[in-house]
Each structure stands twice: as C-alpha cells, then as structure tokens.
Amino acid sequence: MLDTQTGKALHSILAAETADLPPPPWDLIGEGVWGSVHDLGDGTVLKLTRRHGGLGSGEALHLRETIALSALGGLATDYVKVPRLIAHGTFGNAYIGSAPPLAGWLRLTRLAGKPLSATSPYGASGQARDRLGERIGAAIADFSRHATERAQTAGIKLGDTIARTIGLARSRLGQPGLHDAADQLADAWAGQIARGRLVFIHGDLNTDNIIDMGNRLGFVDLAEAGWSLAEADFRHLEETGTLRDAVFRGYAARTGKSPDLDIYYLAVAANALTTIALHGQAGHPRDAMRRSGFFRHCMERAGLS
Ligand SMILES: Nc1ncnc2c1ncn2[C@@H]1O[C@H](COP(=O)(O)OP(=O)(O)O)[C@@H](O)[C@H]1O
Ligand SMILES: [Mg+2]
C-alpha cells in the first residue's frame, strides 16, 4: 500500500506524534478493505485505518478501536493477550501521498505469531483441532471476564455490534424480503439484549483476528468491541464445523456455562446477513445461493423463518 514517497510523508507526520518511530520501508503484515498493518521492526506495529471500506465508516471503526484498546490494551491471562496501545491519532488531512483517504492510526505492541487463518485447521489431526478449539473457547471466556471488569471500571459506553451490523447490512440490501428478515432479526436481538446479561465482547473474532502465540492466543482488531451478549463473540465460528464444538467446550469448561444456542444463531444470522449485503449476487450463482441458504439456516435455527 505504501510507495516510497507516501511512506516518507506518513513518517514525517507520525514521527511528531509517537517517539522513536522507525523510518520506512515498513513490512506489510496485513491488508484488508479498511486499511493496512505494518511491522515496524521494533516490537511494535502501525495500523492505518481508511475512511472508506466495507459497511460503516473508517472514522467510527478507528474511534471504537481506540476507546476499547485504551481500556483493554495489555490485558493478559494464561489463555489470551491483547496488544497494548502505545499511541494513536486521526488525520486532519486524509490525503497523504498515494494512500487511500485515511481516518486514523494506531501504534500497538506486536504480538508474536501468525493469525489462525494462516494455517488450515483441517490439515491438523482431529485431536490438534479439538485442542485449538478448546484454547479459543478458554481465551474468549477469559477475555469476556477481564474485559468486562476493565470496561466497567473505565466507564466505556461502546454499544452492541450485532444491532449495528444488522442496521448497516439492512441499508445495503436491495430485496424487500431481506429487509423484512433484517427487521425480524433486529427485533429478536433487541429482545434478547433486553433480557440478557451484557458483557464486554471483542466483537469480531474471525480467524484473521486471532493470533496463535504458541501458548496464548492474541486478540487483535478491536474495532467492533462493545457491550453485548457473550454469544456474539462466537458469531464467526459457525462455518468452522467441529472446531466450533470444541470452542464451546473450552468456553463451558472455563465459565461453567454453555453458550445459549438461540442467541448464538441470531448473532450468526446477523453475520450471514452482512455477507449477503457485502457480496449480494457476486461470484458464481452457487455462491449467492450458498450465502442465502446459510442465512435461512441460521434464521430457522434461531426460531425465525
Ligand atoms: N498487534 C499486532 N501484532 C501482530 N500482528 C498484528 C497486530 N495487529 C494486527 N496484526 C496483523 O495484521 C492483520 C490485520 O490487522 P487488523 O487489526 O485485523 O486489521 P483489519 O481491520 O484490516 O482487519 C491481522 O490479521 C494480524 O495478522
Ligand atoms: Mg482484522
């Protein structure tokens, strides 16, 4: 993402804001629709968030991540670790060199290891996959407990990612039938939120955002963090088959409580709706059918259809 001139321009802006910033070239370690992450080579990383990407706004994502990391950064237990926030800022002038318009930047401690998405859990033995799943479950349990305490102490107000996700997806959907389904889902979720116990969740635990550090798992990308129901942190796992079951086991072993499947399927349905909103009819017709079939499956499992 960064050519030489753009790297230099960014360095001169950011070096005034964060001490000892190594000069580029910086190693690109991750790049998605919302920005890029660079390894600065000194045990820290630089995350650049764009103004425009998928659903929602880069400014909002950057703000949420900054607020969440200010309170939770450095959280660590035997099972989970969250990077520490070293410095952060927004861009007064969003147009720097050839980079897409930028919203903000974060400098974080680097978590050593690879994201789970870099290695397929299907290549591993059943036993190794189960063990990984149980570690993920324990890590989610620990995160939930400690993040909730910290967010309470810090008085963080960040709202629920599922309701927001449904709203953002709805605004992109073309078919009236899907609007009705989105409204049904939003109502059912609001009902659960009103009844349930809110905890502070990570909000976007996909396999890109979980780093295998050997013993612990690193949770990065806190742009969807907020007060929600514990089940929402499993929303990306439905598609991982037996790994999901091991995650549930690990979570139950650590908390003494299994996820509520009705709530879980509402969260997964919200995820499936987002995928439809982002990809619509794109790709092979069978891909679009698979996306809508998966959404219907989740709605049925959640008792809505
Ligand atoms: N603190 C960190 N330490 C190590 N790797 C990181 C760190 N933060 C991000 N990464 C890597 O960069 C990738 C993208 O970062 P992420 O915060 O998830 O950004 P995005 O919003 O683009 O998904 C992650 O999948 C992970 O591999
Ligand atoms: Mg990510």
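Counting starts from 1 at the beginning of each chain's written sequence and moves along it residue by residue. Written order determines the labels here, with chains lettered from A and ligands numbered from 1. Local features are withheld for residues below a pLDDT of 70 in this predicted model, meaning they are given only at 70 or higher, and side-chain atom pairs are given and counted only at 80 or more; totals for whole chains, interfaces and linings count all residues. Heavy atoms from the whole structure form the basis of all side-chain values; hydrogens and water molecules are not counted.

1. What to know about the domain arrangement of the chain
Domain borders in the structure are assigned automatically or taken from a domain database. Splitting the chain by domain gives domain 1 (4-110) and domain 2 (116-301). Each of domain 1 and domain 2 was reduced to a C-alpha centroid, and the two centroids are 24 Å apart. Between two residues, a contact is recorded if the distance between any of their heavy atoms is within 4.5 Å. The partner domain 2 presents 32 residues to the 23 residues of domain 1 that form the contact. Buried area: the accessible surface (1.4 Å probe) lost by two parts on joining, summed over both. Summed over both partners, the interface of domain 1 with domain 2 buries about 2400 Å², with 70% contributed by carbon and sulfur atoms. In terms of surface lost to domain 2, no three residues of domain 1 exceed Leu55, Arg64 and Tyr79, which account for 32% of the buried area on that side. Any Lys or Arg side-chain nitrogen located within 4 Å of an Asp or Glu carboxyl oxygen qualifies as a salt bridge. Between domain 1 and domain 2 we count 2 salt bridges in total. Of the charged contacts, one joins Lys47 and Asp221 as a salt bridge, the two residues approaching to 3.1 Å between their closest N and O atoms. Here the side of domain 1 that touches domain 2 takes 8 residues from helix α2 (residues 58-72), the largest share from any one element. In DSSP terms, a helix is any run of H or I states spanning at least four residues, a strand is any run of E spanning at least two, and both are numbered starting from the N terminus.

2. Section: the coordination of the magnesium ion (ligand 2)
Note on metal sites: the ideal angle is 109.5 degrees for four tetrahedral donors, and 90 or 180 degrees for six octahedral donors. With distances of 2.1 to 2.2 Å, the protein atoms coordinating the magnesium ion (ligand 2) are Asn209 (OD1) and Asp221 (OD). One end of the pair, Asn209, is in the loop between β8 (199-201) and β9 (210-212); the other, Asp221, is in the loop between β10 (217-219) and β11 (226-228), with 12 residues separating them in the sequence. Summary of the burial criterion: residues with accessible area below 20% of their type's maximum are buried, those above 50% are exposed, and those between are partly exposed, where the area comes from a 1.4 Å probe applied to protein chains only. The class for Asn209 is buried, based on a relative accessible area of 6%. Taking the relative accessible area as the measure of exposure, Asp221 reaches 22% and is therefore partly exposed. Note that water is not among the atoms considered, so a metal site may appear incomplete; the donors listed are N, O and S atoms within 2.8 Å of the metal, with 3.2 Å applied to Na, K and Ca.

3. A closer look at the sheet that holds strand β1 (residues 27-32)
A sheet is described by the order of its strands in space; here 5 strands give the open sequence β1-β2-β3-β6-β5, paired in antiparallel fashion. One side of each edge strand has no neighbouring strand; the edge strands of this open sheet are β1 and β5 (85-90). Strand-to-strand twist across the sheet, computed as the mean angle between neighbouring axes with direction ignored, equals 15°. Two strands qualify as a pair provided that DSSP identifies no fewer than 2 bridges between them. Both strand β3 (residues 44-50) and strand β6 (residues 102-109) contribute to a ladder of 7 bridges, which runs antiparallel. By the bridge assignment for β6, Val45 is matched with Leu108. Packing against the sheet, α2 makes contact with β3, β5 and β6, and its axis sits at approximately 25° to β6. Angles shown run from 0 to 180 degrees and are taken between the N-to-C directions of axes, each axis being a line fitted to C-alpha atoms and, for helices, limited to the stretch in contact.

4. What about the pairing of β1?
The pairing of β1 with strand β2 (residues 35-39) spans 5 bridges and is antiparallel. Each residue of the ladder has a partner; that of Gly32, found in β2, is Gly35. Here β1 folds back onto β2 in antiparallel fashion, the turn holding 2 residues.

5. Observations concerning unusual backbone geometry
Following Pro24, the chain continues into Pro25 via a peptide bond in cis, with omega recorded as 10°. Here Pro25 lies in the loop between α1 (4-15) and β1. In this model, Asp20 sits at a positive phi of 55°, which is unusual for a non-glycine residue. With a relative accessible area of 70%, Asp20 lands in the exposed category. Even without being glycine, Asp221 reaches a positive phi, approximately 70°.

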